[in-house]
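Architecture and fold: a report
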Amino acid sequence: MTDLTDLGVAAIRDGVRTGSFSAREVADAFIVKVSKAKPLNAFLVETPDHAIAAAKAADDARAAGETLKPLAGVPIGMKDLFCTKGVASTAASHILEGFTPPYESTVSGKLWDAGAGMLGKLNMDQFAMGSSNETSYFGNVISPWRRSDGGNAPLAPGGSSGGSSAAIAARLCPAATGTDTGGSIRQPAAFTGISGIKPTYGRCSRWGVVAFASSLDQAGPMARDVRDCAIMLEAMAGFDAKDSTSLDLAVPKWEAGLSGSLAGKRIGIPKEYRVDTMPAEIEALWQQGIDWAKDAGAEIVEVSLPHTRYALPAYYIIAPAEASSNLARYDGVRYGLRDLPEGANLQDMYAATRAAGFGDEVKRRIMIGTYVLSAGFYDAYYTQAQKVRTLIARDFERAWEACDLLLTPTAPSAAFGLGEKTDPIAMYLNDVFTVPSSLAGLPAMSVPGGLDKAGLPLGLQIIGKPLDEQGVLNAGLALEERAGFVARPDAWW
Amino acid sequence: MSVDIATVKKIASLARIAITEEEAARIAPELDNIMGWIEQLGEVDTSSVEPMTAVIPNHLRLRDDVVTDGNVRDAVLSNAPQAEHGFFTVPKVIE
């Protein structure tokens, strides 16, 4: 009997459809795995009833001879940044502890309407701020991967979607939602040897997603292969009138359009992504990716994105500035934590609640944001950063004259140990390859390319033109077919 | 522009986050470091560009001016730390 938890989204969907196994059997298998994986701390809340109800609906539909929904029988994990009706949603913060939304986010609602079931809410970096899942109020997520040195050092699963990446890699769910503001789907995918795509800004609705940086936030799928990501993204994407930045465009049939051939495609290699401090293994993987792309029929072109080095500092002005505005709503009045010291007036309540409720990294970013938006500094910092952002976007536009897609490493290293990176800037540098495409709103994905000397996954990133998720997915598939990545973490939990 | 303890206190006040003397002393060099790293943006010649507004040219949609929501008071109050008589309650505002 196959271990059902080894199956991905497509295999589960197809197996339920043909009656190879029931949706209930699948749900039960994953529910058991989730319940035994508490040491990873990937799940904040387990919702087996939700998964079982969705499974029952799928099994009943099949018994009645109805056409099954696109994700019927597929149980998934839901990052805790998505508001789920009747289920605690905290963004991994103390300030939202106890908040139970009376509404469902658009993206999660679309997944349930497509027939998927929820195994639980996934842990993450607090308010999506972090690259290692070390800023959650509810404790670190620990990667299911360990180095081959036998040292047992707990490793970061990446962030901010660390619960999602850990859960998928550990086979606790076949897929999960993530969000990506500066790299929070792609970098954790790279660290844990799975796939993840951030679509073009506006493809997925932000309604009901706890806001971090509104001009950057995008929901996206994470799963173990490109096909599963395509299936999930089709269910998640689409116009939403409730999100003023939602693109009013039909959702392409990305799964049907999948092709591993890159014949006729020009793949650009941006020379500024070759940084001095890049480990030799990452450089080698990048070259390997280039060879795979050539093998798939692509022409390789060197391109230049001259403003690349300004992307991270620009992001660390823009994102905190937007966050300082978005997080102003957490004041102890309408939801979440209220800290009311003896004799406090309203202003004292705000200050005490926010001091008690926000973690250190969240406070740091709110303060940076407040500073760069304050009188006298707005033009020097925020306006300047938004102008640099135009130049970064323009660099990509110019590159598209010479190529159709870009290939880069996803992250500048493999997963590091929890507690190893204490300097904020060192942590920010994790996003050096992912932030530019975030600022430009371009679709980008990470696929696993191989393992490093310590046996840890390394990822390759593909960036595409606006709205060319198909091109990005296809290039991802071309690499996936040649990488033959089958490594998986041994269960230490 | 360096970030000192006085600046941190001012920012914390603007952001409505209570901060102790020790926290301010700890955060000041961290923020100063980050702002120092960000300083390099000043090198870029942006005289010929406008701030970026959207990835894909977009315009703000309008909708018909009709009521499409409401009458959900209990749902709205369902997460309130303190609610009375159908209102959110807060400490006295008027001095």
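Residues numbered from 1 in each chain as written. Chains lettered and ligands numbered in written order. Predicted model: local features only at pLDDT ≥ 70, side-chain atom pairs only at ≥ 80, totals over all residues.

Some remarks on the overall build of chain A
Scanning chain A from terminus to terminus reveals 15 helices and eleven strands. By the compact-globule yardstick of 23 Å for 493 residues, chain A fits well, its C-alpha radius of gyration being 21 Å. Its C-alpha atoms put chain A at 65 × 50 × 50 Å along the principal axes. Buried positions account for 60% of the 493 residues belonging to chain A. Intrachain contacts of chain A at a sequence separation of at least 6 include 78% that bridge at least 24 residues. (Helix = DSSP H or I, 4+ residues; strand = E, 2+ residues; numbered from the N terminus. Rg over C-alpha atoms; globule rule 2.2 N^0.38 Å. Buried ≥ 20, exposed ≤ 12 C-beta atoms within 10 Å, placed from the backbone. Contact = placed C-beta atoms within 7 Å.)

What to know about the overall build of chain B
Within chain B, the regular secondary structure consists of three helices and two strands. Traced from its N-terminal end to its C-terminal end, chain B shows the element sequence α-α-α-β-β. Here the C-alpha atoms of chain B give a radius of gyration of 23 Å, more than 25% beyond the 12 Å that 2.2 N^0.38 yields for 95 residues. Principal-axis analysis of the C-alpha atoms places the extent of chain B at approximately 55 × 45 × 25 Å. Taking all 95 residues of chain B together, the buried fraction comes to 17%.

Comments concerning the interface of chain A and chain B
Listed per partner, the contact involves 52 residues of chain A and 38 residues of chain B. Ranked by the residues each element gives to the side of chain A that touches chain B, the list is headed by helix H12 (residues 379-399) of chain A, at ten residues. Tallied by class, the residues present in the side of chain A that touches chain B amount to 32 nonpolar, 13 polar and seven charged. (Nonpolar A, V, L, I, M, F, W, Y, C, P; charged D, E, K, R; others polar.)

What about helix H7 (residues 226-236) of chain A?
Among the eleven residues that make up H7 of chain A, eleven are buried, leaving the element largely enclosed by the rest of the structure. Among all positions in H7 of chain A, only Val226, Arg227, Asp228, Cys229, Ala230, Ile231, Met232, Leu233, Glu234, Ala235 and Met236 of chain A are buried.

A few points about the nonpolar core
Generally speaking, a soluble globular protein has its nonpolar side chains buried in company with each other. Residues and elements named next belong to chain A. Grouped together as the largest cluster of nonpolar side chains are 175 residues, with contacts concentrated most on Ile76, Ala167, Ala314 and Ile317. If you tally residues by element for this core, the top one is helix H9 (residues 311-326), at ten residues. When near neighbours in sequence (up to four residues on either side) are disregarded, Ile76 contacts Leu111, Ala116, Met118, Leu119, Cys173, Ala175 and Ala176. (Core = buried A, V, L, I, M, F, W, Y, C linked by C-beta atoms within 7 Å.)

What to know about unusual backbone geometry
Residues and elements named next belong to chain A. Note the cis peptide between Gly159 and Ser160, where omega equals 10°. One non-glycine residue with positive phi stands out, namely Ala92, at about 60°. Residues other than glycine seldom take positive phi values, yet Phe127 does so here, at roughly 55°. Among the structural elements, Phe127 can be located in the loop between strand S3 (117-122) and helix H5 (162-169). Given 31 C-beta atoms within a 10 Å radius, Phe127 is considered buried.

Examining the pairing of strand S7 (residues 266-270) of chain A
For a regular strand, side chains alternate in direction, first toward one face of the sheet and then toward the other. Residues and elements named next belong to chain A. The sheet contact formed by S7 and strand S8 (residues 299-303) spans five bridges and is parallel. Across the sheet, the residue bridging to Gly268 is Val301, located in S8. Chirality of the crossover, the property in question, places the unit of S7, helix H8 (residues 280-295) and S8 among those that are right-handed. As paired elements, S7 and strand S9 (residues 405-409) share two bridges and run parallel to each other. Its bridge partner lying in S9, Ile267 is registered against Leu405. (Pairing = 2+ DSSP bridges. Right-handed = clockwise from strand over helix to strand, strands pointing away.)

Structural notes on the pairing of S3 of chain A
Residues and elements named next belong to chain A. Most of S3 is tucked away: six of the six residues are buried. In terms of strand pairing, strand S1 (residues 43-46) meets S3 through three bridges, oriented antiparallel. By the bridge assignment for S3, Phe43 is matched with Leu122. The pairing of strand S2 (residues 75-79) with S3 spans five bridges and is classified as parallel. Its bridge partner being in S3, Gly77 is matched across the sheet by Gly120. Remark: the S2/helix H4 (residues 106-113)/S3 crossover connection has right-handed handedness.

Structural notes on the environment of Gln287 of chain A
Inspection of the secondary structure puts Gln287 of chain A in helix H8. For Gln287 of chain A and Glu255 of chain A, which are 32 residues apart along the polypeptide, the C-alpha to C-alpha distance reads 28 Å.

Quick word on the environment of Thr408 of chain A
All names here are of chain A. By the secondary structure assignment, Thr408 is in strand S9. Classification of Thr408 as buried rests on a count of 26 C-beta atoms within 10 Å. For Thr408 and Ile462, which are 54 residues apart along the polypeptide, the C-alpha to C-alpha distance reads 6.5 Å. Discounting chain neighbours no more than four positions away, the residues touching Thr408 are Pro270, Tyr273, Phe433 and Gln461.

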